[in-house]
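Secondary and tertiary structure notes
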Amino acid sequence: MKASRPRTLDRARTTVLLLAAILALSACSTAADAPSASPTASPTESHAPVEAVDLAAGEQDAPVEVSVSGDDGVGVTFREITLAPGASTGVHCHYGQLVAVVSEGTLTHYADIYPSGVHVYKTGDSIIEGAGYRHEGRNEGDENVVLWVTYIIPEGKPLAETDLSHCDA
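Presented here is a report on the structure given in the accompanying data block. (Residues numbered from 1 in each chain as written. Predicted model: local features only at pLDDT ≥ 70, side-chain atom pairs only at ≥ 80, totals over all residues. Heavy atoms only, no water.)

What follows deals with the environment of lysine 157. Along the polypeptide, lysine 157 turns up in the segment after strand 9 (145–154). Here the alpha-carbon distance between lysine 157 and tyrosine 95, two residues 62 residues apart in the chain, equals 7.0 Å. (Helix = DSSP H or I, 4+ residues; strand = E, 2+ residues; numbered from the N terminus.)

Here it is as structure tokens:
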């Protein structure tokens, strides 16, 4: 009976997921100040080290607001996407939000949200995609594009929607 869950649980779950996304974004914005693979002492009684490795880091020039709602909750998926030279994501949209960093290569991103209809993201750039708008990523270079992507999508919805009738115009 998911429909009868108290709203407090839904809000708590959404708050926890949003906090996780904010912490991930904060880690991206402070990655230049932190060592990339230095072990730190564990905060528990254990003396085993905890290691953190920054896999990709990027920055945004403006504040970022992440807000995704779903009747059955919200899912968070981390994915590495590799586009070979000449490859494309195909035109699609998302039901939620996406936070990504270009780990390698140069991604050409086509969307009406840009004044010229296109934006080029290079290694180290971060990408924030909102819900609903149609876009396509292309590798127009001669080496792989590697993206580290976090999807924050309502439960039960696909990570990417290719049926464009479900996207905004």
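Picking up where we left off.
With that settled, consider the nonpolar core. Leu107, Tyr121, Ile127, Leu147, Val149 and Tyr151 are the most contacted members of the largest nonpolar core, which has 16 residues in total. Of all the secondary structure elements, the ones that give two or more residues to this core are strand 4 (97–104), strand 5 (106–111) and strand 9. With 5 residues, strand 9 is the single largest residue contributor to this core. If we ignore the near neighbours within four places in the chain, the residues touching leucine 107 are His119, Val120, Tyr121, Ile127, Gly137, Arg138, Val145 and Leu147. (Core = buried A, V, L, I, M, F, W, Y, C linked by side-chain atoms within 4.5 Å. Buried < 20%, exposed > 50% of the residue type's maximum accessible area, 1.4 Å probe, protein only. Contact = heavy atoms within 4.5 Å.)

Now for the sheet that holds strand 9. Two pairing modes exist for strands in a sheet, parallel and antiparallel, and in both the strands are linked by backbone hydrogen bonds. Taken together, 4 strands build an open sheet; the order of strands is 3-9-4-7 and the sheet is antiparallel. Strands at the two margins of the open sheet, each flanked by one partner only, are strand 3 (74–83) and strand 7 (126–129). Each strand of the sheet is rotated relative to its neighbour by a mean of 15 degrees, with strand direction disregarded. Bridge count between strand 3 and strand 9: 10 bridges; the pairing is antiparallel. The residue bridging threonine 77 from the neighbouring strand is tyrosine 151, located in strand 9. (Pairing = 2+ DSSP bridges. Axes fitted to C-alpha atoms, helices over the stretch in contact; angles between N-to-C directions.)

The next point concerns the packing of aromatic side chains. Counted according to the given criterion, the structure contains 0 aromatic pairs. Here the basic side chain of arginine 138 rests over the ring of tyrosine 110, its NZ or CZ set 4.1 Å away from the ring centre. When the ring centre of tyrosine 95 is taken as reference, the NZ or CZ atom of lysine 157 above it lies at 4.6 Å. (Phe/Tyr/Trp six-rings, centres within 6.5 Å; stacked < 30°, edge-to-face > 60°. Lys NZ or Arg CZ within 6 Å of the ring centre and 35° of its normal.)

Along the polypeptide, alanine 87 turns up in the loop between strand 3 and strand 4. For alanine 87, a relative accessible area of 25% translates into the label partly exposed. Sequence separation of alanine 87 and arginine 138 is 51 residues, and the distance between their C-alpha atoms is 6.0 Å. Once you skip the residues sitting within four places of it in the chain, alanine 87 turns out to touch Gly137, Arg138 and Asn139.

The next point concerns the state of the cysteines. Per the stated rule, a full pass over the model turns up 1 disulfide. Here cysteine 93 is linked by a disulfide to cysteine 167, with a sulfur-sulfur distance of 2.1 Å. On the sign convention where negative means left-handed, the S-S torsion of about -85 degrees between cysteine 93 and cysteine 167 marks this disulfide as left-handed. Linking cysteine 93 in the loop between strand 3 and strand 4 with cysteine 167 in the segment after strand 9, this pair joins segments that are 74 residues apart in sequence. The residues cysteine 93 and cysteine 167 share a single accessibility class, namely buried. (Disulfide = S-S within 2.5 Å.)

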